[in-house]
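Here are the chains, one letter per residue:
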Amino acid sequence: SQQGEEDPQALSIQEGENATMNCSYKTSINNLQWYRQNSGRGLVHLILIRSNEREKHSGRLRVTLDTSKKSSSLLITASRAADTASYFCPSGAGSYQLTFGKGTKLSVIP
Amino acid sequence: DTGVSQDPRHKITKRGQNVTFRCDPISEHNRLYWYRQTLGQGPEFLTYFQNEAQLEKSRLLSDRFSAERPKGSFSTLEIQRTEQGDSAMYLCASSLGNIDEQFFGPGTRLTVL
């Protein structure tokens, strides 16, 4: 299992702004995933990017992966109050268990 | 709603008591995972089943913890002789085959007094 470390630990933005959070990991991966957790809806899978992909989009989400730097970023465009949550980036290397960091706590202010 | 259900959603118990939680995964998912999450931390892996076989247990899973998945469907997690340090959110997740995405249930929040 691999661990993703999210940065920053906390981020506060105004509604409508873009939010960028970063993730670093230490060893080779097969894929990296982003999850969101808020009190209302629990832990939800957002997007998975494979090691041979550099960028992936899903709605207002854009994920990049730089395997040479062992880092990933998640961009949320046109943020909404409902995006307020903690975001995690566990990665996988063919292992089944996910190892989570402490996450980035995003607050979107209406 | 991801399709993974957990019961109960909340459990308050006294130190020393035994508790059991249940997880019902998405029906066609053959993999099932248990995680534990404390305040301000990300989830920590506890154990993993493929069908009815328990294939991996974390070192976090002391001998007071036991998990089962009879018939490869629902799973139970039992904690014996609970301690205050067991207070946490217990999350269950399931996945299908070689697909890496895990679907999480809403969790069971355990409070040990």
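The structure reproduced in this document is the subject of the present report. (Residues numbered from 1 in each chain as written. Chains lettered and ligands numbered in written order. Predicted model: local features only at pLDDT ≥ 70, side-chain atom pairs only at ≥ 80, totals over all residues. Heavy atoms only, no water.)

Let's talk about the side chain of B:Thr13
With respect to the helices and strands, the residue B:Thr13 is situated in strand E2 (residues 10-13). If sequence neighbours within four positions are ignored, B:Thr13 has contacts with B:Val19, B:Thr82, B:Leu110, B:Thr111, B:Val112 and B:Leu113. (Helix = DSSP H or I, 4+ residues; strand = E, 2+ residues; numbered from the N terminus. Contact = heavy atoms within 4.5 Å.)

Focus on the environment of B:Cys92
Looking at the element boundaries, B:Cys92 is found in strand E9 (residues 88-95). A C-alpha to C-alpha distance of 14 Å links B:Cys92 and B:Gly72, two positions 20 residues apart in sequence.

Re the packing of aromatic side chains
One pass over the full model with this rule turns up 11 aromatic pairs over all chains. Ring geometry for A:Phe88 against A:Phe100: centres 5.7 Å apart, planes inclined by 80°, an arrangement best described as edge-to-face. Taken as a pair, A:Phe88 in strand E9 (residues 85-88) and A:Phe100 in the loop between strand E10 (91-92) and strand E11 (104-109) lie far apart in primary sequence, 12 residues in all. Among the aromatic side chains, those forming a connected cluster through ring pairs are A:Tyr35, A:Phe88, A:Phe100, B:Tyr33, B:Tyr35, B:Phe45, B:Tyr48 and B:Phe104. One Lys or Arg, B:Arg22, reaches over the ring of B:Phe74 and ends 3.9 Å from the middle of that ring. (Phe/Tyr/Trp six-rings, centres within 6.5 Å; stacked < 30°, edge-to-face > 60°. Lys NZ or Arg CZ within 6 Å of the ring centre and 35° of its normal.)

A closer look at the state of the cysteines
Under the definition given, this model contains 2 disulfides over all chains. Between the sulfur of A:Cys23 and that of A:Cys89 lies a disulfide, 2.0 Å long from S to S. Because the sign of the S-S torsion sets the handedness, a value of about 85° for the bond joining A:Cys23 and A:Cys89 places this disulfide among the right-handed ones. Taken together, the residues A:Cys23 in strand E3 (residues 19-25) and A:Cys89 in the loop between E9 and E10 connect sequence positions 66 residues apart. There is no split in this pair, since A:Cys23 and A:Cys89 are both buried. Through a disulfide, B:Cys23 is tied to B:Cys92; the S-S separation comes to 1.8 Å. Judged by the sign of its S-S torsion, about -65°, the bond between B:Cys23 and B:Cys92 is left-handed. Pair noted here: B:Cys23 is in strand E3 (residues 19-24) and B:Cys92 is in strand E9, with a separation of 69 residues, a long-range link. Residues B:Cys23 and B:Cys92 agree in their burial class; the two are buried. (Disulfide = S-S within 2.5 Å. Buried < 20%, exposed > 50% of the residue type's maximum accessible area, 1.4 Å probe, protein only.)

Some thoughts on the side chain of B:Gln37
Mapped onto the elements of the fold, B:Gln37 is located in strand E4 (residues 31-37). On the basis of relative accessible area, B:Gln37 is assigned to the buried category, the value being 9%. Within polar-contact distance, the side chain of B:Gln37 engages the side chain of A:Gln37 at 2.8 Å. A polar contact is formed between the side chain of B:Gln37 and the backbone oxygen of B:Gln41, at a distance of 2.8 Å. Other than its neighbours up to four places away in sequence, B:Gln37 contacts A:Gln37, A:Phe88, B:Gly42, B:Pro43, B:Ala88, B:Met89 and B:Leu91. (Polar contact = N/O pair within 3.5 Å; in protein donor to acceptor, adjacent residues only side chain to side chain.)

Digging into the nonpolar core
Taken as a class, soluble globular proteins show a tendency for nonpolar side chains to be buried jointly. Counting residues in each nonpolar core, the largest one holds 21 residues, and the members touching the most others are A:Leu32, A:Trp34, A:Leu74, A:Ile76, A:Tyr87 and A:Leu106. Mapped by element, the contributors of at least two residues to this core are E3, strand E4 (31-38), strand E5 (42-50), strand E7 (61-66), strand E8 (71-76), E9 and E11 of chain A. Per-element tally for this core: the top contributor is E3(A), with 4 residues. Core analysis: the second largest hydrophobic core is formed by 19 residues, B:Phe21, B:Trp34, B:Leu61 and B:Tyr90 among them. (Core = buried A, V, L, I, M, F, W, Y, C linked by side-chain atoms within 4.5 Å.)

Topic: the pattern of salt bridges
Residues and elements named next belong to chain B. The full count for this structure, using the stated rule, is 5 salt bridges over all chains. A salt bridge links arginine 22 to aspartate 24; the nearest nitrogen and oxygen atoms lie 2.7 Å apart. Here arginine 22 falls in the partly exposed class, since its relative accessible area comes to 33%. For aspartate 24, a relative accessible area of 27% puts it in the partly exposed group. A salt bridge links arginine 64 to aspartate 86, with the nearest nitrogen and oxygen atoms 2.8 Å apart. Within this pair, whereas arginine 64 is found in the loop between strand E6 (53-57) and strand E7 (65-68), its partner aspartate 86 is found in the loop between strand E8 (75-79) and E9, the two being separated by 22 residues in sequence. When salt bridges that share partners are traced, they join Arg64, Glu83 and Asp86 into one network. (Salt bridge = Lys/Arg side-chain N within 4 Å of Asp/Glu carboxyl O.)

Focus on the interface of chain B and chain A
At the junction of the two partners, chain B supplies 18 residues and chain A supplies 16 residues. Summed over both sides, the interface between chain B and chain A buries roughly 1400 Å², with carbon and sulfur atoms accounting for 52% of that surface. For the chain B face of the interface with chain A, the top three residues by lost area are B:Pro43, B:Asp100 and B:Phe104, together amounting to 31%. In this assembly, chain B and chain A are joined by 0 salt bridges. (Buried area = accessible area lost by both parts, 1.4 Å probe.)

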